[in-house]
Amino acid sequence: MQEIETVLNVIQNRGKQGKSLERLYRQLFKEELYEKAYAEIHANEGAITKGSSNDILDGMSQKRIAEIIQKVRTTTYRWNPVRRTYITNEDGRKRPLGIPSGDDKLLQAAMKILLEAYYEPQFSKRSHGFRPGRGCHTALKQIRESHRDTSWFIEGDIKGCFDNIDHETLLGIMEEKIRDQRFLNLVEYLMKAGYMEDWKWYGTYSGTPQGGIISPLLANVYLDTFDKWVEEELLPHYNFGSQKEKGRKRNPEYRHYEYKRSQAKKMGDVEAYERYGKMMKNVPSIIDDDSYRKLEYIRYADDFLLSFAGPKEEAEEIRERISEYLERELNLELSIEKTLITHARNDKARFLGYDLCVMQSDERRTANGTIWLGVPREVRRKAMRKYTKKGKAVHRPELLLNSDYDIVARFQAEYRGLVQYYQMAHNVHRLQEVEWVTGTSLLKTLAGKHKTSVNKIVKKHKSTRTVNGKTYKVFEARAERKGQEPLTTHYGAVPLIRKPEASITDRIVTLGKGRVELLQRLSNDECEMCGEKGNIEVHHVLTLRDVNKRGRKNKPAWVHRMSALRRKTLMTCVNCHDAIHAGKHRSEWDNWKIVLESRVR
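Quantities reported herein were computed from a predicted structural model and do not represent experimental measurements.

How each quantity is defined
Residues numbered from 1 in each chain as written. Predicted model: local features only at pLDDT ≥ 70, side-chain atom pairs only at ≥ 80, totals over all residues. Heavy atoms only, no water. Helix = DSSP H or I, 4+ residues; strand = E, 2+ residues; numbered from the N terminus. Contact = heavy atoms within 4.5 Å. Domains from an automatic or database assignment. Pairing = 2+ DSSP bridges. Axes fitted to C-alpha atoms, helices over the stretch in contact; angles between N-to-C directions. pLDDT = per-residue confidence, 0-100. Parallel < 35°, antiparallel > 145°, perpendicular 65-115°, else oblique. Left-handed = near helix turned anticlockwise from the far one by under 90°. Nonpolar A, V, L, I, M, F, W, Y, C, P; charged D, E, K, R; others polar. 1 Å grid on protein atoms, 1.4 Å probe; cavity = no way out; pocket = protein on both sides within 12 Å on 5 of 7 lines; lining within 4 Å. Points joined across faces, edges and corners; volume = space filled by probe spheres on them. Salt bridge = Lys/Arg side-chain N within 4 Å of Asp/Glu carboxyl O. Buried < 20%, exposed > 50% of the residue type's maximum accessible area, 1.4 Å probe, protein only. Expected span 1.5 Å × (residues − 1).

Turning our eyes to something else, we now look at the overall build of the protein. Broken down by element type, the protein carries 20 helices and 22 strands. For the protein, the C-alpha atoms occupy an extent of roughly 95 × 70 × 50 Å along the three principal directions. Of the contacts formed within the protein by residues at least 6 apart in sequence, a portion of 71% connects residues at least 24 apart.

We now examine the environment of L326. Checked against the element boundaries, L326 lands in helix α11 (residues 312-329). Separated by 177 residues in the primary sequence, L326 and D149 have C-alpha atoms spaced 28 Å apart.

A separate point is the domain arrangement of the protein. Once the domains are mapped, the protein shows domain 1 (1-122 + 171-203), domain 2 (126-165 + 207-249 + 286-374), domain 3 (252-282), domain 4 (377-491) and domain 5 (525-598). Taking only C-alpha atoms into account, the centre of domain 4 sits 35 Å from that of domain 5.

Here we have four strands laid out as an open sheet, ordered β3-β2-β6-β7, and mixed in their pairing. If you trace the sheet from one side to the other, it starts and ends with β3 (94-99) and β7 (200-202), each paired once. Taken pair by pair, the neighbouring strands of this sheet meet at an average axis angle of 45 degrees, ignoring direction. When strand β6 (residues 195-197) meets β7, the two strands line up antiparallel, connected through three bridges. Counterpart to E197 in the pairing with β7 is K200.

This part takes up the confidence of the model for the protein. Of the residues in the protein, 92% have a pLDDT of 70 or more, and the chain-wide mean is 88. Mean pLDDT values for the elements of the protein range from 47 in helix α20 (residues 592-595) up to 97 in helix α6 (residues 167-175). The model gives residues 505-512 a pLDDT under 50, and that stretch makes 17 contacts with residues more than four places away or in other chains. In the model, residues 592-601 has pLDDT below 50 throughout and makes 18 contacts with residues more than four positions away in sequence or in other chains.

Our next topic: the sheet that holds strand β4 (residues 152-157). Taken in spatial order, the four strands of this open sheet run β10-β11-β4-β12, and their pairing is antiparallel. Edge positions in the open sheet fall to β10 (294-300) and β12 (341-343), since each of these has one partner strand only. The sheet shows a mean angle of 20 degrees between the axes of neighbouring strands, direction not considered. In the packing of α11 onto the sheet, contacts are made with β4, β10, β11 (303-309) and β12, and the angle to β11 comes to roughly 150 degrees.

Now for the packing of α6 against helix α7 (residues 181-191). Across the interface, α6 lies against α7 with an axial gap of 11 Å and an inter-helix angle of 160 degrees. In terms of their interaxial angle, α6 and α7 are classed as roughly antiparallel. The crossing of α6 and α7 is right-handed. Contact residues: H167, E168, L170, L171, M174 and E175 in α6; Q181, L184, V187, E188 and M191 in α7. The class makeup of the residues in the contact of α6 with α7 is six nonpolar, two polar and three charged.

Now for empty space enclosed by the protein. Applying the stated criterion across every chain, the model contains one cavity of 30 Å³ or more. The computed volume of the largest cavity comes to approximately 80 Å³. In terms of lining residues, the largest cavity is bounded by H42, A43, N44, A47, I48, H540, V541, L542, K568 and T569. Partitioned by chemical class, the residues of the lining of the largest cavity number five nonpolar, four polar and one charged. Both of domain 1 (1-122 + 171-203) and domain 5 (525-598) provide at least three residues apiece to the lining of the largest cavity.

Pairing of side chains with opposite charge becomes possible as their charged atoms draw close. Overall, the coordinates contain 30 salt bridges when judged by the stated rule. The salt bridge involving K228 is made with D224; its shortest N-O contact spans 2.9 Å. On the criterion of helical spacing, the pair formed by K228 and D224 is a turn pair, its members being four residues apart in helix α8 (residues 215-237). Given the relative accessible area of 25%, K228 is considered partly exposed. R396 is paired through a salt bridge with E414; the nearest N and O atoms lie 2.8 Å apart. With R396 in the loop between β17 (392-393) and α13 (404-421) and E414 in helix α13, this pair connects stretches of sequence that are 18 residues apart. What emerges from the salt-bridge pattern is a single network uniting K386, R396, E398, R410 and E414.

The next thing to look at is helix α3 (residues 62-73). Within an α-helix, residues lying three or four positions from one another point in the same direction, as the helix has 3.6 residues per turn. Its 12 residues give α3 an end-to-end C-alpha distance of 16 Å, which sits within 8% of 16 Å, the value for a rise of 1.5 Å per residue. Tucked into the core, α3 has its buried residues touching α2 (31-41) and α4 (102-119). Immediately downstream of α3, the backbone of T75 shows phi near 50 degrees, a positive value.

A few words on the side chain of H42. Looking at the secondary structure, you find H42 in the loop between α2 and α3. According to the relative accessible area criterion, H42 is buried, its value standing at 15%. Discounting residues that sit within four places of it in the chain, H42 has contacts with A47, L57, L518, H540 and T569.

Attention now moves to unusual backbone geometry. Its identity as a non-glycine residue notwithstanding, A301 has a phi of 55 degrees, on the positive side. By the secondary structure assignment, A301 is in the loop between β10 and β11. A relative accessible area of 6% means that A301 is categorised as buried. Backbone geometry at K451 places phi at a positive 55 degrees, although glycine is not the residue there. Examined against the element boundaries, K451 turns out to sit in the loop between α14 (432-450) and α15 (454-461). The exposure class of K451 is exposed, given its relative accessible area of 78%.

Listed below in C-alpha cells is the structure:
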C-alpha cells in the first residue's frame, strides 16, 4: 500500500506543476491500487447490486484482482454494458440509472483514484461538486464570502449536461494532459459500452457512463474548461472599478455626515453625534456609477451561479456569451428559459436548495450587501408532506411492522439530516414546524403500532437530552440485548441554531481505520469461518440489520460470526463462501471458539 501512495504523490505533484502525465496505463497493473479501490467502494449500497452480468463485489479476492490485471495488461479487458433501471422522482417522473457490473466498478474506482490524484490540484477553486473535501456547504460558504454587494444573480441551467457530454471533445481535453493512448482508449471504450434494457443492447453516443463511479470526475474534467474560460475571459472583463475605494464609490454626502459625527465625538457633543448618526442612516453609503463592475462565479456539478454588480443589460450579455461558449466549445446547450436573471435585493435566487438574496437594512448598516441564505418555503412544505394528509399529521403505515427503536431512529435520522443540510440558513429556526409535524407523526405511528393512545405513548417514551448546555424534551426508545447494555435512540434535541461555517470531512484522500482493517484482513489470507489458508473471497451483506432480523430462529454460524466481528464483510475460503450462498452448514463451523471469537479491536 505504501508503494501506491508514493505513486499517487508523484502523480499529484505533476498535476500541481501542470506537467503532462505519461505511462499512466501501467499503474493499472498494481494490485495495491485495486485493494485501495476496493476499500473505497466495498461499503457502497450498490456493492452487491447486479449489473448486466452476474458478477458483483461479493466474492472479491486477490485471485479475481489478478485476473482483472491480466486482462488490463494484455488490453483484453472488455467493459460490460450497464443495466438500466429507473428511479421515480418525487414529482412522479422517472430518471434512468445505470448499474455497472462488479469488476467494472472496481476498475473504474482504480482509474478514478489515478485521475483524481492528477486533476484535483488543477481544478478551479470555484468548483465544489463531487470533489474530496468539498460539498454544498463549502460552495455556500464561498458565496457568502465572495458574492456580496451584487445586483443580479444569473442561475445557470445546462440542458441534460451529463447525458450530452461529447465523447470526442472529452477525449480531446484529456489528451492535452494525459499522453497515454492505452489509458485514453480504456476511457473511450467505457463511454461507448452502452446499456442493457429489457435484455436489449443500446449504444451510448454521448454522455458519461450512467451510474459509473468515474462519471462525476469525467464530468468535472469536461466542465473544468468552462471554469477556466469564465475565470480567464469573463471575470477579468466584468471586474473593474476604483482601486482606491476597493469597490463602489462612497457617497460624498454620507462621508460628510461621517466626518461631522467623528468631529462631534471628539468634541464630546452627544446631541450632534446622534443627529449626524441618524442623517447617515437616511442616505446610501455608496453610489452606483459606470466605473464599477463586479462578477463572481461558482459551480457545483452542472449547476452554476454568477453574481453581477452592474446593469441588467450586461447581465443578459453575460448569459448570452456563456450560451455561445458552451455550444461552440463543449456542444452543450444552455437553457435560456431556465437560466434566470434575478434581482439580488428584490427577489430570491435558488442554488443548491437554498434561497439567496442580498440583505438590506436601515438599522443594521453593516449587514447591507451581505448574502442571506434561507430555507425555501417549498422545502418546508415538501418535508412535511410525507408526514401529513389533508393538512394533518398522520401515522406512517409502512413502518408499523418495525420495532420501536427502528421507528424512532428513522424519524430522527430524517429530521436531523434536513436540519444539518440547512444549518447555514439564516431562517433555520423555521424548521420548527417540520419538527412538530414529524414528532406528531412519530407518536401516531407508535400509537398505531401498539393500538393505544398518543398520550400513553408520550408518557412511555418521553425523556430529556442536554445539548450544548440546553435541555430538550425528546422521545426515547430502547432495544434490549442479551448480556449487553441496551441500545438507545431518541427523537428531538436537534438545535435549530444557525452555523455559518461549513464543516466538511475529507473522506477520500486518506484511508479510514475500517478500510485499513479490511485490507489487513484480506492480506491475512485466512478464512474467518474455518481457518483455511489461501484463495480467500470476501462475503458481503448490505447491512448487519439484514442478517440480524428479529424472530429468525437457528441463525447460521456465519451470521453469528459476522455479528461477533460487527462487520458487513467476512473473509471466507471458496468452500465456505459457496456454502453460505447455498444455505448449507459445514462441519468445520462447529468449532465455536472460531465462530464466536471476540470482536475485532
